[in-house]
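Breakdown of the fold
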Amino acid sequence: MSTTEAQTSERVTQIVPEALAAIHEVLERHRVTEEEWSAVLALLTEVGRADEFVLLSDVTRTSVLIDAMSHDADEAATASDVEGPLYVPDPPWREAPVRIYDDYEGSEDGEVLFVRGKVTSTDGTPLPDAVLDIWQTGPSGGYDIWDERQPEFNFRGRFGVAESGEYEFQTMVPKPYTVPTDGPVGRYLQAVGQHPWRPAHIHFKVTAGGHEPLVTQVFFPDDPYLENDTIGAVKPALVRPLKRHDGAERGLDAPFSTCDFDVKLRRSG
Ligand code: BEZ
Ligand code: FE
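The structure contained in this document is the topic of the report that follows. If you're wondering where the values come from, they're calculated on a predicted model, not measured in any experiment. (Residues numbered from 1 in each chain as written. Chains lettered and ligands numbered in written order. Predicted model: local features only at pLDDT ≥ 70, side-chain atom pairs only at ≥ 80, totals over all residues. Heavy atoms only, no water.)

Digging into the overall build of the protein chain
Selection rule: Each helix corresponds to a stretch of at least 4 residues labelled H or I by DSSP, and each strand to a stretch of at least 2 residues labelled E; elements are numbered beginning at the N terminus. Where accessible areas are quoted, they stem from the Shrake-Rupley method and a 1.4 Å probe; at the residue level, only the protein chains shown are allowed to cover.
A count of helices and strands for the protein chain gives five helices and twelve strands. Accessible area of the protein chain: about 15,000 Å², with a carbon and sulfur share of 53%.

Some details on the site of ligand 1
Short version of the rule: Working definition: residue near molecule or strand if any one of its non-hydrogen atoms lies within 4 Å of it. As used in this structure description, the phrase polar contact means that two N or O atoms lie within 3.5 Å; if the pair is within protein, one of them must be able to donate a hydrogen and the other to accept it, and residues adjacent in sequence are counted only when both atoms belong to side chains. Ten residue types, Ala, Val, Leu, Ile, Met, Phe, Trp, Tyr, Cys and Pro, are classed as nonpolar, four, Asp, Glu, Lys and Arg, as charged, and the remainder, Gly among them, as polar.
For ligand 1, the full set of nearby residues is Leu 55, Asp 58, Gly 84, Pro 85, Leu 86, Tyr 143, Tyr 177, Val 179, Arg 198, His 201, His 203 and Ile 231. Contact distances for ligand 1 include 2.8 Å between an oxygen atom and a side-chain N or O atom of Tyr 177. In isolation ligand 1 has 260 Å² of accessible area, and contact with the protein removes 100% of it. For the shell around ligand 1, the secondary-structure elements that each account for two or more residues are α3 (53–59) and β8 (201–207). Split into classes, the residues belonging to the shell around ligand 1 amount to seven nonpolar, three polar and two charged.

Thoughts on the coordination of the iron ion (ligand 2)
To be explicit about the condition: Metal coordination here is assigned from N, O and S atoms located within 2.8 Å of the ion, or within 3.2 Å for Na, K and Ca; omission of water means that sites may look incomplete. Only two sets of limits are used to name each site, 85 to 135 degrees for every angle of a tetrahedral four-donor site, and over 155 degrees for opposite donors with all other angles from 65 to 115 for a square planar four-donor or octahedral six-donor site, with any other site named irregular.
Every protein donor of the iron ion (ligand 2) is listed here as Tyr 143 (OH), Tyr 177 (OH), His 201 (NE2) and His 203 (NE2), and their distances to the metal cover 2.0 to 2.2 Å. Of note is the iron ion (ligand 2), whose six donor atoms meet at the metal with angles of 54 to 167° in an arrangement that counts as irregular. In primary sequence terms, the donor set of the iron ion (ligand 2) follows Y-x33-Y-x23-H-x1-H. Here Tyr 143 is found in the loop between β3 (131–136) and β4 (156–160), whereas its partner His 203 is found in strand β8, with 60 residues between them in sequence.

What about the side chain of Thr 78?
What counts is decided by this rule: Should any heavy atoms of two residues lie within 4.5 Å, those residues are considered in contact.
Mapped onto the elements of the fold, Thr 78 is located in the loop between α4 (62–70) and β1 (98–99). A distance of 2.7 Å separates a polar side-chain atom of Thr 78 from the backbone nitrogen of Lys 264. Not counting chain neighbours up to four residues away, the residues in contact with Thr 78 comprise Leu 214, Leu 238, Phe 261, Asp 262, Val 263 and Lys 264.

Here we look at the sheet that holds β3
To keep it simple, the criterion reads: Here, strands pair whenever DSSP counts at least two bridges between them. Helix axes are fitted only over the stretch in contact, all axes being lines through C-alpha atoms; the angle between N-to-C directions runs from 0 to 180 degrees.
The antiparallel open sheet is built from four strands, whose spatial order is β4-β3-β8-β9. Looking at strand neighbours, the two that pair on one side only are β4 and β9 (214–219), the edges of this open sheet. For this sheet the average axis-to-axis angle between neighbouring strands, irrespective of direction, equals 20°. Strand direction decides the pairing type here: β3 and β4, joined by five bridges, are antiparallel.

Digging into the nonpolar core
Most often, soluble globular proteins have nonpolar side chains that are buried together. Spelled out, the test is: The definition of a nonpolar core used throughout is a set of buried Ala, Val, Leu, Ile, Met, Phe, Trp, Tyr and Cys residues joined through side-chain atoms within 4.5 Å. Buried residues are those whose accessible area, probed at 1.4 Å on protein chains only, stays under 20% of the maximum for their type, while exposed residues exceed 50% and partly exposed ones sit between those limits.
Core analysis: the biggest nonpolar cluster contains 29 residues, and Val 119, Leu 132, Tyr 167, Phe 169 and Phe 204 have the highest contact counts within it. At the level of secondary structure, the elements contributing two or more residues to this core comprise β2 (112–121), β3, β5 (166–172), β8, β9 and β12 (263–265). With residues up to four places along the chain from it excluded, the contact list for Phe 169 reads Val 98, Ile 100, Leu 113, Phe 114, Val 115, Ile 134, Phe 159, Ile 202 and Phe 204. In this structure, Val 47, Leu 56, Leu 189 and Ala 233 belong to the second largest nonpolar core, which totals ten residues.

Observations concerning the packing of aromatic side chains
Put simply, the rule reads: Stacked, edge-to-face and tilted are the three classes for Phe, Tyr and Trp ring pairs, Trp counted by its six-membered ring, which pair at centre distances within 6.5 Å; planes under 30 degrees apart are stacked, over 60 edge-to-face, the rest tilted.
Summed over the entire model, instances satisfying the criterion amount to twelve aromatic pairs. For the ring pair Phe 114 and Phe 256, a centre distance of 5.5 Å and an interplane angle of 85° mean the geometry is edge-to-face. Taken together, the residues span a long stretch of sequence, with Phe 114 in strand β2 and Phe 256 in strand β11 (residues 256–260) at a distance of 142 residues. Taken as a pair, Phe 114 and Phe 256 share a single burial class, namely buried.

So, in structure tokens, the structure goes:
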């Protein structure tokens, strides 16, 4: 047995009996019936078939708990946040000036947003080899994978930063949306009386040589779901103001917004 296998086995033999004892205690205290337990097993079977275990972990706020335990609250570094189930690997590489979307029928009422900032180490050293990987919903219809009107990988993309560590990308202001409700997790939410809404946000994965990768999200003030995100993932340090500008400043025919978001990565090792 390798060292990793031995460590895994030790963790399993420590944790599983305690987890089972906790579940058994609740089942016993509530005198859960055979019918009720069968319904739980049927739901979990469906969650697996529908590939919704990550979503279940998110809406039960288990992902937020694991994230909090996995990343020390280090004020010098940008706070991490959960990835969620809607990341799509290998998004297109976007060259500067970076724009991560194409217009679509439904985007005309949305507002253009430029997100910009600097990627540095926690001591302020710029990280010119940093790569950002972004995903978010459009201004209508949610994620590209749910919306036939949007081209593949709309509001998704990877790109690099300047020598100074600075980056900028053009997107549109996202809107609050509901997590998928048409599967078993949707039925679970309904059964426990939990709403499915998330506040508007933009997901980031940021990597740079010699540094711990960061997965996080950025939120915006005055969102109706900031205080009651269904996955409980809002962190005050990740709420960033939107500043409105006259379109003429960038040769646009409508007002646009900017959002500043500097990213500070921890050295690895
Ligand atoms: C998301 O933000 O993409 C997300 C997170 C958790 C569950 C569903 C969606
Ligand atoms: Fe999201």
